[in-house]
Amino acid sequence: DVSWNRLGGTGGEKIMYGIIAMMNDVKMHSKGVPIKASLRALDLSWCNLNDNVGSLIAKVLLDSNSPLTQLRMAHNPKLSEETAKNIANALTRNKKLKILNISHCSLSVVGEMYLLGSLKTNLTLELLQMENNHMKHGDYLHEASRAIKKKQMRYRNSVFGQTSSTNVALEF
């Protein structure tokens, strides 16, 4: 948890480069079993991050070695549509992240639609928090409904005929 630290772009970049290095650093256990450092939850809220850091966060999410299951980056008003687009792109391939909070940033309606669109292919995200950006509740309903239905259908198909479904909570 590094929230409430005025890291800014430079500090945020250093943290993200450190995480990237950690993901690629494989240590060997005394019995020859590889051990990877793991960071499951990262809270970067209220850190004054910018879109450069947002693109590094997306890079981490795209890496198959990323252990992140929870990412909180709320209250960073310099994160914009560019970050939303990069994160959404990463979410289409990420198979580990379960919680994403990107509330109170400067995402545009288009940026928020990118994130909602990523739910069509992402089967693991359980909570997406995007409140107090730019969209009105009514704008979400149609796209969110389509994304969730597609996600549930895709999940049912991926479990080879089992009639399970997946849930995703959206907060806006």
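If you're wondering where the values come from, they're calculated on a predicted model, not measured in any experiment. (Residues numbered from 1 in each chain as written. Predicted model: local features only at pLDDT ≥ 70, side-chain atom pairs only at ≥ 80, totals over all residues. Heavy atoms only, no water.)

### Here we look at the side chain of N122
- As for its placement among the helices and strands, N122 is situated in the loop between α4 (109–118) and β6 (127–129).
- Of the residues examined, N122 reaches a relative accessible area of 1% and is grouped as buried.
- In this structure the side chain of N122 is engaged in a polar contact, spanning 2.7 Å, whose partner is the backbone nitrogen of L125. (Helix = DSSP H or I, 4+ residues; strand = E, 2+ residues; numbered from the N terminus. Buried < 20%, exposed > 50% of the residue type's maximum accessible area, 1.4 Å probe, protein only. Polar contact = N/O pair within 3.5 Å; in protein donor to acceptor, adjacent residues only side chain to side chain.)

### Points about α4
- For α4, the set of buried residues is G111, E112, L115, L116 and S118. For α4, the angular spread of buried residues about the axis comes to 160°, placing them on one side. (Arc of directions from axis to C-beta.)

### Some remarks on unusual backbone geometry
- The phi dihedral of W4 falls on the positive side, at around 65°, and the residue is not glycine.
- Relative to the elements of secondary structure, W4 occurs in the segment before α1 (8–24).
- You can call W4 exposed: its relative accessible area is 61%.
- Unlike most non-glycine residues, W46 shows phi in positive territory, near 60°.
- If you trace the backbone, W46 turns up in the loop between β3 (41–43) and α2 (51–62).

### Looking at the packing of aromatic side chains
- With the rule as written, the count across this model stands at one aromatic pair.
- Arranged with centres 4.4 Å apart and planes meeting at 15°, the rings of W4 and W46 form a pair that is stacked. Here W46 lies in the loop between β3 and α2 and W4 lies in the segment before α1, a separation of 42 residues in the sequence. (Phe/Tyr/Trp six-rings, centres within 6.5 Å; stacked < 30°, edge-to-face > 60°.)

### Examining the environment of V53
- Within the secondary structure, V53 is located in helix α2.
- In this structure the C-alpha to C-alpha distance between V53 and M16, which are 37 residues apart in sequence, comes to 7.3 Å.
- Excluding residues within four positions of it along the chain, V53 makes contact with G8, G9, G12, E13 and M16. (Contact = heavy atoms within 4.5 Å.)

### Some details on the environment of T92
- Turning to its location among the elements, T92 is positioned in the loop between α3 (81–91) and β5 (99–101).
- Apart from residues no more than four positions distant in its own chain, T92 is found in contact with S118 and T121.
- At 2.6 Å, the side chain of T92 and the backbone oxygen of N89 are in polar contact.

### What to know about the pattern of salt bridges
- Summed over the entire model, instances satisfying the criterion amount to one salt bridge.
- Here K98 makes a salt bridge to E126, at a shortest N to O gap of 3.8 Å. Placement of K98 in the loop between α3 and β5 and of E126 in the loop between α4 and β6 is noted, with a sequence separation of 28 residues between them.
- Taking relative accessible area as the criterion, K98 reaches 37% and is therefore assigned partly exposed.
- Classification of E126 as partly exposed rests on a relative accessible area of 41%. (Salt bridge = Lys/Arg side-chain N within 4 Å of Asp/Glu carboxyl O.)

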